[in-house]
Amino acid sequence: QVQLVESGGGLVQPGGSLRLSCAASGSIFSINAMGWYRQAPGKQRELVATITSRGSTNYAGSVKGRFTISRDNAKNTVYLQMNSLKAEDTAVYYCNAEVTLVGEPWYRARDNNYWGQGTQVTVSS
């Protein structure tokens with residue numbers, strides 16, 4: 001019912017920047033929250049940043065001050081601006097969205113959680 005398409009990943013040098021985008025499509029009435037998670041080899045998936053429909057943000061301590069999450073509600077798109085990248089940021093980054101589906105009440109959004117396919121971010125010299 002909902003598809004998330006990520007873009008913007010790639011290879012970047014330490015200290016460089018990347019901007020990830022995630023566009024949601026499908027039977028979406030509104031998006032309650034969107035976020036970015038990442039998973040490095042041999043590690044569990046971890047939260048990077050989230051943003052709610054009201055604009056409240058949450059960041060992992062390791063990325064505060066370096067990453068910025070933002071959204072464009074009209075486009076159902078979330079962005080992750082990543083600056084001052086470090087080797088430890090290397091991971092597959094996944095987009096997540098909690099959505100209110102067309103024809104359903106807003107409080108059902110908690111049951112509608114979707115993930116993108118992931119995009120690789122590699123920070124290396």
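Up top you'll find the structure we're talking about.
Just so it is clear, the structure is predicted and the values come from calculations on it, not from any experiment.

Caption draft 1: Broad picture of the packing of aromatic side chains. Following the criterion strictly, the structure yields 2 aromatic pairs and no others. Ring centres 5.0 Å apart and planes at 65° place the aromatic pair Tyr-37 and Trp-115 in the edge-to-face group. Separated by 78 residues along the polypeptide, Tyr-37 in strand β4 (residues 28-39) and Trp-115 in strand β10 (residues 113-115) bring together distant segments of the chain. Aromatic pair Trp-106 and Tyr-107: ring centres 5.8 Å apart, planes at 85°, arrangement edge-to-face. Overall, the relative accessible area of 64% leaves Trp-106 in the exposed class. When the ring centre of Tyr-94 is taken as origin, the NZ or CZ atom of Arg-45, which lies over that ring, is 3.7 Å away. Sitting over the face of the ring of Trp-115, Arg-45 holds its NZ or CZ atom 4.7 Å from the ring centroid.

Caption draft 2: Quick peek at the environment of Arg-45. Considering the arrangement of structural elements, one finds Arg-45 in the loop between β4 and β5 (46-52). For the pair Arg-45 and Ser-30, spaced 15 residues apart in sequence, the C-alpha to C-alpha distance is 26 Å. Setting aside residues no more than four positions away along its own chain, Arg-45 makes contact with Tyr-37, Arg-38, Gln-39, Tyr-94 and Trp-115.

Caption draft 3: Quick look at the pattern of salt bridges. With the rule as written, the count across this model stands at 4 salt bridges. One salt bridge in this structure joins Arg-38 and Asp-89, with 2.9 Å as the shortest N-O distance. A residue pair is termed long-range when its members are at least 10 positions apart, and Arg-38 in strand β4 and Asp-89 in the loop between β8 (77-82) and β9 (91-101) qualify at 51 residues. Just as Arg-38 is buried, Asp-89 falls in that class too. One continuous salt-bridge network, built from bridges that share partners, spans Arg-38, Glu-46, Arg-66 and Asp-89.

Caption draft 4: The arrangement of the sheet that holds strand β1 (residues 2-7) in detail. Pairing in this open sheet of 4 strands is antiparallel, and the strands run β1-β3-β8-β7 from one edge to the other. Both edges of this open sheet fall to β1 and β7 (67-72), since each of them pairs with a single strand only. Between one strand axis and the next, the sheet turns through 15° on average, direction left out of account. In this structure, β7 lies alongside β8, joined through 6 bridges in antiparallel fashion. Residue pairing in the sheet places Thr-68 in a bridge with Gln-81 of β8.

Caption draft 5: Representation of the side chain of Thr-100 within the structure. Relative to the assigned elements, Thr-100 resides in strand β9. Among all residues touching Thr-100, those that are not within four sequence positions of it are Ser-27, Ile-28, Phe-29, Ser-30, Asn-32, Pro-105, Trp-106 and Ala-109.

Conventions and cut-offs
Residues numbered from 1 in each chain as written. Predicted model: local features only at pLDDT ≥ 70, side-chain atom pairs only at ≥ 80, totals over all residues. Heavy atoms only, no water. Phe/Tyr/Trp six-rings, centres within 6.5 Å; stacked < 30°, edge-to-face > 60°. Helix = DSSP H or I, 4+ residues; strand = E, 2+ residues; numbered from the N terminus. Buried < 20%, exposed > 50% of the residue type's maximum accessible area, 1.4 Å probe, protein only. Lys NZ or Arg CZ within 6 Å of the ring centre and 35° of its normal. Contact = heavy atoms within 4.5 Å. Salt bridge = Lys/Arg side-chain N within 4 Å of Asp/Glu carboxyl O. Pairing = 2+ DSSP bridges. Axes fitted to C-alpha atoms, helices over the stretch in contact; angles between N-to-C directions.

The quantities given are spatial measurements derived from coordinates; they are silent on function.
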